[in-house]
Amino acid sequence: MRSLLAILTATTILVSPTLAAAATVLPLDRATILVSSPFDVKVEFDGVVAQADVSVTINGQPAADVLGKDVVFIEREDGVDASAVRINGVTINEPGAYTVVARGGGQEKTVTWEVYGTPDTPVARNVIFLIADGLSVAHRTAARIMSRGMTEGKADGRLNMDDLDRAAFIGTSSTESVATDSANTMSAYMSGHKTAVNALGVYADRTPDSLDDPKFETLAEALRRQTGKSIGIVTNSELQDATPAAVFAHTRRRADKAEINNQTYGVRPEVILGGGSAYFLPQSTPGSSRKDDIDHIALYREDGYTLATTKGELAAARGSNTGKVLGLFHTGNMDTTLDREFLRKGTVDRFPEQPGLVDMTRTALDLLSRNEEGFVLVVEAANVDKMSHPLDWDRAVVDTIEFDHAIGAALEFAEENPDTLIIVTGDHTHGVSIIGTVDDDKPGDDMRQKVGTYAAAGFPNYVDSDGDGYPDSVDVSRRLFLAANNGPDHYETFRPKLDGPFVPAIRNEDGKYVANEAYKDVPGAVFVQGNIPTSGDTGVHAIDDVVLQATGPGSEGFKGYLEQSDVYRVIAEALALGARQTQ
Ligand SMILES: [Zn+2]
């Protein structure tokens, strides 16, 4: 025992000098950077160091000479008792490997960035990037079976996404964790830089201020810098939510929604359709989530945008002279397709005229395609994730079907406009699988015994009699059974939640999430023991790869395994965003 302790002590002494004194360089090692795209550099030293000791070189030359920018030394950072170096707004105009060595106070850190160019000529004029938040393989399979049916083990029809030409597996881990959220993944798709959970368009630094972190260029900014293309954002979440925000925003904290909304106005996408009107309204207006008097709706109107707040107004906005439309259909997140079109639950009584994702996508394509220079449209189906968290599989799957119909609208557009690259993906997965069916006609009252697995599962009996691609009802007698491998304590009811979205767990007096007793008395409900910390109220994201699919010019770049940050490079190449001259 004593000798083991002695060895441990000796080891600690040996390794401690390097562990205790490590600088951090941002962008991180192995960062991939589009040629000529602006970004900020930061070196964080461990503790206070003397300026005279500090040096930053790039490929052996002083960083200031290579980057043509001042190197700013900060002896003590805000709220942190340590020194840092900042070099803001740099660009590197030659592709290649750039090795950065930062030294100071006896610390040394070496990172190498890969600066990549693109062809000078674009192969695609338009990009339609369709993302279903949280899209997992189970959602696709369930959407196919629920909407098209299955006979003798063969699908009776195909989803639009089933026929896209290319596919790749995408790794979604973040810079500080194997796990991920929508912010860092979509930010990587939209910039080529991997970052931390909750971060958008920035590397996460150590200071408390969420708006001072080192920035990198977003897709929206690259389009404005290099092209005359229009930009469209369509989502059924709040427009300030992480996925749509990642197209343009810079903040360490995705919850900075009022600030994100200010940044939307900075970029001013030509078409903006979704929820989240609360952040457009001045604080004096009921329903506002702002803490100032800025009226963003007035700002957009002055700038020539047509405002639409209902499905009818959206249809009318197709005739907009300027082609610029701001559609705000909900103060918060929009309702699911199941609630909007079938059950009239959720918040549909308060917002009865919400358009669906397909209407929004078609209108956006109509408006954006007026620009001869082309466009990039990002479409998010947010509720696949927002309903997978509370384990409400029917809502998540029906919204996956709607997402697939939006893909259909994009494919129709591409048929007329073959210079269009279509990308379909998720940003992370959920721990969900389809394991069989639930058959009400099996004998007895015990719902668990009605779960069919293996041969006993048979096939579900959804019907689509009107041919709209949706099952007439999700509440059929033999339903798909989806289950999550993680979640809070909850009651499994084995039935669709017809009264409104599922609320699996609620907070008790101790602040812990416990099973929602409201479902306890549903006949046959069983208690499911949670397996995540009791601070979690819903199921969590999975780290499993996401499947990305694509079709159209430039889609050949999607194959095998890619990090989510590599997706941007394929988009940049298709649009020649690294071209040496402005197109
Ligand atoms: Zn999520």
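Structure: above.
Every value quoted in this text rests on a predicted model; they were computed, and no experiment measured them.

Further remarks concern the coordination of the zinc ion. Note on metal sites: the ideal angle is 109.5 degrees for four tetrahedral donors, and 90 or 180 degrees for six octahedral donors. Looking at the zinc ion, one finds its protein donor set to be Asp385 (OD), Asp385 (OD), His389 (NE2) and His541 (NE2), positioned 2.0 to 2.4 Å from the metal centre. Angles of 56 to 154 degrees at the metal separate the four donor atoms of the zinc ion, which places the site in the irregular class. The sequence motif formed by the donor residues of the zinc ion is D-x3-H-x151-H. You can see Asp385 sitting in helix α12 (residues 383-388) and its partner His541 sitting in strand β28 (residues 541-542), a full 156 residues away along the chain. Across this residue pair, the class does not change: Asp385 and His541 are buried.

Outside of glycine, negative phi angles account for most residues, and trans bonds account for most peptide bonds. That bond from Leu26 to Pro27 is cis: its omega, 0 degrees, falls within 30 degrees of zero. Mapped onto the secondary structure, Pro27 falls in the loop between β1 (24-26) and β2 (32-34). Backbone geometry places Leu391, a non-glycine residue, at a positive phi of 60 degrees. Checked against the element boundaries, Leu391 lands in the loop between α12 and α13 (393-416).

The end-to-end C-alpha distance of helix α11 (residues 357-368) is 16 Å, a good match for the 16 Å that twelve residues give at a rise of 1.5 Å each. For α11, a buried count of nine out of twelve residues is recorded, marking the element as mostly surrounded by other parts of the structure. Within α11, the full set of buried residues consists of Leu357, Val358, Met360, Thr361, Thr363, Ala364, Leu365, Leu367 and Leu368.

The next point concerns the pairing of strand β19 (residues 420-425). Counting buried positions along β19 gives six out of six residues, so the element sits mostly inside the fold. Residue alternation in β19 divides its side chains into two sets, Thr420, Ile422 and Val424 and Leu421, Ile423 and Thr425, and both sets are buried. Bridging between strand β10 (residues 126-132) and β19 involves six bridges; their strand directions are parallel. Across the sheet, the residue bridging to Ile131 is Thr425, located in β19. Across three bridges, β19 lies against strand β29 (residues 546-551) in antiparallel orientation. Bridge pairing links Ile422 to Thr551 in β29.

Conventions adopted
- Here, residues in each chain are numbered from 1, in the same order as that chain's written sequence.
- The model is predicted, so local features are restricted to residues of pLDDT at least 70 and side-chain atom pairs to those at 80 or more, both for listing and for counting; the totals for chains, interfaces and linings are taken over all residues.
- By convention in this description, side-chain values take in all heavy atoms of the structure and omit both hydrogens and water.
- Donor atoms: N, O and S within 2.8 Å of the metal, or within 3.2 Å for Na, K and Ca. Because water is excluded, sites can look incomplete.
- Square planar and octahedral sites, with four and six donors, are those where opposite donors lie more than 155 degrees apart and all other angles lie between 65 and 115, tetrahedral sites have four donors with every angle between 85 and 135 degrees, and the rest are irregular.
- A run of DSSP states H or I qualifies as a helix once it reaches four residues; a run of E qualifies as a strand once it reaches two. Both are numbered from the N-terminal end.
- Think of it in three bands: residues with accessible area under 20% of the maximum for their type are buried, residues over 50% are exposed, and the middle band is partly exposed, with areas taken using a 1.4 Å probe on protein chains only.
- Here, expected helix span is obtained from the residue count minus one, scaled by 1.5 Å.
- Whether two strands pair depends on DSSP finding at least two bridges between them.

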